[in-house]
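Coordinate inspection notes
Residue-level listing of the chains:
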Amino acid sequence: MDRWFLIAATLLAAAGGIWGMISVHHGKRSPWTLAWMFGVFLCQIGFLGVRGQLRAACPLMDHGEILTFLAWSLTLFYLLIGPAYRISLLGVFTAPLVVLFQALALTPGTLTANPARLVGSNPWHETHSATSVLAYGALALAAVAGVMFLVLDRQLKEQHLKSGLFRNLPPVRELLISLERLLWLGSGLLTVGISAGLLMPRTAAAWGHLIAAMAVWFAYALLLGIKQVRGVTGRRLSLSAVILFLLSLAVFAFI
Amino acid sequence: MELICLGLNHRTAPVEVRERFAVGTTLLGKAANELIALAEATEGVVISTCNRTEFYLAATDAEASFGLIEKRLAEKIQVDSSVSAHFYRKAKTAAAQHLCRVVSGLDSMMIGETEIFGQVKQAYQSALEAGSTGAVLNRVFQRAFSIGKKVRTETSIQEGATSVGNVAVDLAEKIFGHLKNSEVMILGAGEMSRTTAQSLVSRGAKSIFVANRSFDRAEELATEMNGTAVRFDDWQKVLQRVDVVISSTGAPHAIVHRQDVEQARRARKYRPLFFIDIAVPRDVDPAVGEIEEVYLYDIDTLEQLAEEARTRRQLQIEQCERIIDLELEKLNLPGT
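Residues numbered from 1 in each chain as written. Chains lettered and ligands numbered in written order. Predicted model: local features only at pLDDT ≥ 70, side-chain atom pairs only at ≥ 80, totals over all residues.

1. What to know about the overall build of chain B
Inclusion rule: Each helix is a run of H or I in the DSSP string that is no shorter than four residues. Each strand is a run of E no shorter than two, and both are numbered from the N terminus. Three exposure classes are used, all based on how many other C-beta atoms lie within 10 Å of a residue's own C-beta (placed from the backbone): buried at 20 or more, exposed at 12 or fewer, and partly exposed between those limits. Whether two residues are in contact depends on their C-beta atoms, placed from the backbone: they are in contact if these lie within 7 Å.
A tally of helices and strands in chain B yields twelve helices and ten strands. For chain B, the spread of C-alpha atoms along the three principal axes comes to 75 × 40 × 30 Å. Evaluated residue by residue, chain B yields a buried proportion of 46% over its 336 residues. Restricting the contact set of chain B to residue pairs at least 6 apart, pairs at least 24 apart contribute 72%.

2. A word on the interface of chain B and chain A
The condition is simple: By the convention adopted, Pro, Cys, Tyr, Trp, Phe, Met, Ile, Leu, Val and Ala count as nonpolar, Lys, Arg, Asp and Glu as charged, and the other residues, Gly among them, as polar.
Across the contact, 13 residues belong to chain B and 13 residues belong to chain A. Going through the elements one at a time, α7 (164-176) and α12 (299-331) of chain B are the ones with two or more residues in the side of chain B that touches chain A. When residues of the side of chain B that touches chain A are assigned to their parent elements, the largest contribution, four residues, is made by α7(B). Along the lines of polarity and charge, the residues of the side of chain B that touches chain A split into six nonpolar, two polar and five charged.

3. A word on the environment of B:A22
All names here are of chain B. Relative to the helices and strands, A22 resides in the loop between α1 (15-21) and α2 (28-39). With 13 C-beta atoms counted inside 10 Å, the residue A22 sits in the partly exposed group. With 101 residues separating them along the chain, A22 and A123 place their C-alpha atoms 13 Å apart.

4. Focus on the domain arrangement of chain A
All names here are of chain A. Selection rule: Either an automatic procedure or a domain database provided the assignment from which the domain bounds are taken.
On domain assignment, one finds that chain A holds domain 1 (1-111) and domain 2 (123-255). Here the C-alpha centroids of domain 1 and domain 2 sit 18 Å apart. Across the contact, 25 residues belong to domain 1 and 23 residues belong to domain 2. Going through the elements one at a time, α1 (2-25), α3 (63-81) and α4 (89-106) are the ones with two or more residues in the side of domain 1 that touches domain 2. Ranked by residues supplied to the side of domain 1 that touches domain 2, first place goes to α3 with ten residues. When its residues are assigned to classes, the side of domain 1 that touches domain 2 shows 18 nonpolar, six polar and one charged.

5. Topic: α2(B)
Residues and elements named next belong to chain B. The test is simple: How far a helix is expected to stretch is found by multiplying one less than its residue total by 1.5 Å.
Over its twelve residues, α2 extends 16 Å from the first C-alpha to the last, a length consistent with the 16 Å expected when each residue adds 1.5 Å. Where α2 is buried, its residues contact β2 (43-48), β3 (52-59), α3 (62-77) and α5 (115-129). In the segment just after α2, E40 is the residue with positive phi, at about 50°.

Here it is in structure tokens:
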């Protein structure tokens, strides 16, 4: 049952992404992106709900669950931010990443077939897992906004202004504002996640994961500090958001 | 009852003729009633803009009405009968087609412009309130408005900016979104920079700074635009705070160099900066455009973008006319 929810979410995200891209190619903005992504969100909740019941805990025990939780978090932040800032195109850019995460989760061996019921879970551990993955959702969406900025910046610089994509991309300043806010949100959640991680009982092997997470946190804090104090160009901020997110995924290798 | 249209526009009559037939916005309803009396018709609407004056009537005999209105209008306005050569006459379906073309912006000087839609609507509203419309013109005008909307939404007849000023404004909005938080500096108080800056102000630009070699001229333009005049030697200082720079000096060489912008970057915290260089020879060294957060557009690029938009609109005309014909065929309007 859980897998069917995940398959449905992946298919909906793929369809929404393709539909959105076709619309953009024709110079229009699809009004349905939000609806597609809301459908994805509901299916993800279905998946996480079933897995949560089986685990009797927050379903973040294997790589498949972590990837799906990450995709859910990414979708959640898109649904919160996309309509508020009228950046429906963010959904078109978010959908492929959601498809990628969920397709990886569906790869044989990634998702435990018969998840074991967790006995005696620790609240700090659950707080650490949940807020960290939520943070990654926000940081992933920041990376998506960064990619959108880089595309728009290139088009403006090279004066390629005829494509449907150019017409539908949000303004430079709005993208940069959204990107910065998402970085602050992601870093804030990561701070909570790491603090909870320091308070939870852990094995010696968990230190590698925690140190990697702290390195990620420090890198994002440094980026935001530089942005705040000295300022940074939109291109460098966007590139940093994309590169840092890709590098930060390495944290999961230590789980 | 037949629908007829008698009119003159920018293509058929020079401005000295058009101005004789122009009717003020507040007098459109009264003029419609006078028109009914002149043409011995039952319904009438008068449309008057800077580029056209058109009389729409519901009359029993189109041919007789045309002759009657032309003769009596010439008498009333005191022009000789040669003015008839400037009029176009359209009856029944041709008149309805023409109205739809006008409403859709296909008959405008700037194809696809949106202002005409509101102007025709206002003319019809005035006639309606003056009681000069009836079953024929009410239906024809209401259908023309819905066809006009359909044409504008289903084609790209109004897409893209068709003047240098509007292209610059569209680009500024693509970079900064709403311009209400954007500050603009004008270098050189020429006509082109004034027009472009006015376009930015009309879209909400927060404040304007004007720097000109002649400070008096800078003050004059700044007062006109509710902005601030700046000594020409101080423009680099103002660069630290503005988002858009419009440059149009008559200098024979570049006046904005890469170094000038590099010096301001830190103070600007590397925020995006949009240069609109409409001067020939160019005022802004092309090397300025290589700076990461700078978007530099010169007059050739802006002109080319405007020309492309105009061409795209021209190519849409046929599709728009097809929509108009199809819709009119479906409707079976009275008087056509």
